[in-house]
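Listed below, chain by chain, are the residues.
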Amino acid sequence: MRPQCDFSSPKTTAFSALWLLPLFFLCFQPVLFAKPLQVTHLFEPHSLAGPWRFRAGDDTRRSHPSYSDRHWPTVRVPFEKRHKGSQAHPIVWYRQTVLLPKGFLPQDRWPLGIALDRIRSAYELYVNGHLVGQIGKMPPQPHGATPRPAVFRIPHHAFDKERLVLALRVWQPPWLIRHYGGKIRLGGDAYSIGPYRLLKERTLAQQHYQREQSILSLFVAALLVLVAIYHFHLYRGRAELSAYFWYGLLLLCLSAWVAGKPLMQLLLLYNDEWGWILARSTAFLAFFPAIEFAYRALDQKRPPRSWQICQWISIVGGLACLLFGPHLALILPNFLLSLFFAGILLGLLVYTIQRAWQGHPDARTIQGGMLAAFVLLLWQYAISAKLLPYVSLPLATMAFCILVLSLAFALSNQYRRTLADLKTRNRQLNEMNNAIQRFVPVEFLAHLGREDLRQVQRGDQNQREMTTFFSDVRSFTSLVERMTPAQTMQFVNRYLNAMEPPISKHNGFIDKYIGDAVMALFDQPDDALQAAIDCLKALEVYNTERAAENEAPVHIGIGLHTGLLMLGTVGSEKRLSCTVLGDSVNLASRIEGLTKEYGASLLITGHTRDRLRDPQRYQMQHIDRVAAKGKTEAVDIYEVWDGLSDEAQAQKRATHRPFQQGYQAFIQGDFSSALQIFQDIRQQHPQDRLAQLYLSRSQTFLKDGPPEHWDGVVHMHHK
């Protein structure tokens, strides 16, 4: 036992008054001013906070009002910090004297009571030597109790001459002596005397409020966990969004910090010190993701080595708090922790100020949150160091909440910019896709079974029956010979711009442009023929515009053929091209070339005519049966009049019957009759190229004779 100084000794008092008086005034002020509490009225609760006398060791006489405690040291209740009890004895006594108003008489209708705040262990309360209540079990079979406020009613027999001597007998649990070396703590602020009913109602209200606060803390912690999971989901292993991962980890630490105290109170019963230990450890651990987040969000890189050292210190400190618990709590009091945290926040604040100065869009948001958190933690430190008066505000909680909110705002700004960038990139991608489709039609990819160009591989192919469309400008060289290259390009683009809409309108797609020539593909022959007719009508409109500009009209020839072809990709590993291959494609090109010889605008083969849903709806006539160069199989050639001008259609109808008579005579070998018929047509219609062609053929066969094995098929010797 530590020897006690007897301040009542005259010798000691006289000797110490010379040089220890200032020291006693500063250091042992509670001893000098430990006097009874005067209560002027008891119509409302009166606080018992103030200096109480205490002494370690157990002696039942200490509960009696006549026991002298004037040599006992004093301590302020509620305790602002821990004080030493005794490592040798588990019992500590606390005493206080309350002077009641003069003439006070206890009443049954208005009984008095004493309210005590949460005490960590078991205890007994004596009033004037009478036991009025206890929590838990005292020796010889001590047992702790759940820390909770309690209100004890003072019986009538405990009153004695307007003076109440309160004696509190507290048991120090073994874990308290083992982990804290005899240091105990009576926290809280509800130490008061007053009407029993009012104290009871106030205590119940406080318990209800604390229960609500615990539920709110658990709800907030659960909400933080959900928000953390949401940010983990946003991250999902994407390195460019690593800031979301570290922010989620920070929220997990904060949720443990928020829920630690209420959870520990539920799980560990009376040993609520572990709630504070968990709060300290999670506060340590939270700085690891906080530092990582700051650099990931502002620089997209890991923190430098100096900050990594701070991160490891935070990890070691957090784990040490969990492993060594109360032992480390003695070494690291709150104000030291506040200094450590404030130092880290100050460093991060300087870093964010630098990044804000460099123009980072999120640095100012994080900087504001860190500055507010830094000020609040400094305020908390000043209160812990007795530099500022105590305020009932959760400064540390406010600091962390403001910091987390600022980080959330920074992330939301990043997300907003990411969405804006994504919209911009989507727009650019759509523009790029549209540009690509102008070179590689999406219909071509669909026929290859591909959804986009990225899936196309060299050698992709698909064989199917389609109608091939070829068109070409007649006398193109004479049209552009007086144009400059720029004017020629402008003319070609203007012409092709008039030809494309009818093809797209009728479900076709242009495979390629070959100078002024157009190659297109159609799944249905009716679509191809209708597109060709509309192209001729569009050409008529185009020529009207050229006539207004004093330009010569443009004439084209269109050839259609239906047959099997192969769509696919050809090229090398570095350069690919989409194309179509097959005899039907070549034949369609030959048919288009025949339009020059026949003087026709639109020719189709018999294969195409036979696959039309209703050939009779179109105006057409059979004009020849030919075998293309290098081919032995003959195909029928039909001229379609739809799409021509009204005048041209009237001329075709007028010559249709005589031409068919002459053509039948020609293929039957009656060249004399055929010659006479075609001469008559020429006399009536000198511009009829088709009649002129067969007139020339009839004259040649009459003079030289028909080819050997003549069967009415004309074999082409040029493309």
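Numbering of residues starts from 1 in each chain and follows the order in which that chain's sequence is written. Reporting of local features is limited, given that this is a predicted model, to residues whose pLDDT is at least 70; pairs of side-chain atoms are given and counted only at 80 or more, and all residues count toward the totals for whole chains, interfaces and linings. Side-chain descriptors were evaluated using all non-hydrogen atoms of the structure, hydrogens and water having been removed beforehand.

Take a side-chain nitrogen of Lys or Arg and a carboxyl oxygen of Asp or Glu: if they are within 4 Å of each other, that pair is a salt bridge. One pass over the full model with this rule turns up 21 salt bridges. The partner of Arg169 in a salt bridge is Glu124, with the nearest N and O atoms 3.2 Å apart. You can see Arg169 sitting in strand β11 (residues 163-171) and its partner Glu124 sitting in strand β8 (residues 123-127), a full 45 residues away along the chain. In this scheme, a residue with accessible area under 20% of its type's maximum is buried, one over 50% is exposed, and one in between is partly exposed, where area comes from a 1.4 Å probe on protein chains only. What makes Glu124 buried here is its relative accessible area of 8%. Its salt-bridge partner being Glu592, residue Arg474 comes within 3.3 Å of it at the nearest N-O pair. With Arg474 in the loop between β14 (461-473) and α14 (476-480) and Glu592 in helix α17 (residues 583-598), this residue pair connects regions lying 118 residues apart in the sequence. A single burial state applies to Arg474 and to Glu592, both of which are buried. Salt bridges sharing common partners tie together Arg53, Asp69 and Arg95. Under the DSSP-based scheme used, a helix requires at least four consecutive residues in state H or I and a strand at least two consecutive residues in state E, with every element numbered from the N terminus.

To continue, consider the sheet that holds strand β13 (residues 192-195). Any two strands between which DSSP finds at least two bridges are classified as paired. Overall, antiparallel pairing links the four strands, which are arranged β2-β13-β7-β10 in an open sheet. Because the sheet does not close on itself, it has two edges, and the strands there are β2 (46-47) and β10 (150-153). Across four bridges, strand β7 (residues 112-116) lies against β10 in antiparallel orientation. Paired with Gly113 across the bridge in β10 is Arg153. In this description, contact between two residues means that some pair of their heavy atoms is separated by no more than 4.5 Å. A fitted line through C-alpha atoms serves as each axis, taken over the contacting stretch for helices, and the angle formed by two N-to-C directions is quoted from 0 to 180°. Along the sheet face, helix α5 (residues 196-235) touches β7, β10 and β13 and points at about 120 degrees away from the line of β13.

For Phe, Tyr and Trp, rings pair up if their centres lie within 6.5 Å, where Trp contributes its six-membered ring, and each pair is then called stacked (planes under 30 degrees apart), edge-to-face (over 60) or tilted (otherwise). Applying the stated criterion across every chain, the model contains 21 aromatic pairs. With 5.8 Å between their ring centres and 45 degrees between their planes, Tyr247 and Phe293 make a pair best called tilted. Taken together, the residues Tyr247 in helix α6 (residues 242-267) and Phe293 in helix α7 (residues 273-299) connect sequence positions 46 residues apart. A relative accessible area of 0% places Phe293 in the buried class. Ring centres of Phe476 and Phe491 lie 6.2 Å apart, and the angle between their planes is 25 degrees; on these two criteria the pair is classed as stacked. You can see Phe476 sitting in helix α14 and its partner Phe491 sitting in helix α15 (residues 485-505), a full 15 residues away along the chain. The exposure class assigned to Phe476 is partly exposed, which follows from its relative accessible area of 21%. Given a relative accessible area of 5%, Phe491 falls into the buried group. Just above the ring of Tyr694 sits the side chain of Arg697; from NZ or CZ to the centre is 5.1 Å. Working rule: Lys NZ or Arg CZ, within 6 Å of ring centre, within 35 degrees of ring normal, means a charge sits over the ring.

Here we come to the pairing of strand β15 (residues 509-514). Regular strands show a simple pattern: their side chains alternate between the two faces of the sheet. Both β15 and strand β16 (residues 517-522) contribute to a ladder of five bridges, which runs antiparallel. Residue Ile510 lies in a different strand from β16, and its bridge partner there is Ala520. Where β15 folds back onto β16 in an antiparallel hairpin, the turn is made up of two residues, including Gly515, whose phi is positive at roughly 65 degrees.

Attention now goes to helix α21 (residues 689-704). By this rule, a helix spans an expected 1.5 Å times one less than how many residues it contains. Here α21 is 16 residues long and its end C-alpha atoms lie 22 Å apart, about the 22 Å a rise of 1.5 Å per residue gives. In this fold, the buried residues of α21 make contact with α17, β20 (620-627), β21 (635-640), α19 (646-667), α20 (671-684) and β22 (714-715). One side-chain oxygen at the N-terminal end of α21 lies 3.1 Å from the backbone nitrogen of Leu690; it belongs to Asp688. Where α21 ends, the next residue or the one after it, Gly705, has phi of about 85 degrees, a positive value. Pairs of N or O atoms within 3.5 Å make up the polar contacts considered here, provided that, within protein, one atom can donate a hydrogen while the other can accept it, and that residues adjacent in sequence are counted only when both atoms are side-chain atoms.

Before going further, it helps to spend a moment on the environment of Ala628. Looking at the secondary structure, you find Ala628 in the loop between β20 and β21. You can call Ala628 buried: its relative accessible area is 12%. C-alpha separation for the pair Ala628 and Arg590, spaced 38 residues apart in sequence, amounts to 7.1 Å. Residue contacts for Ala628: discarding those within four places in its chain leaves Leu587, Arg590 and Met716.

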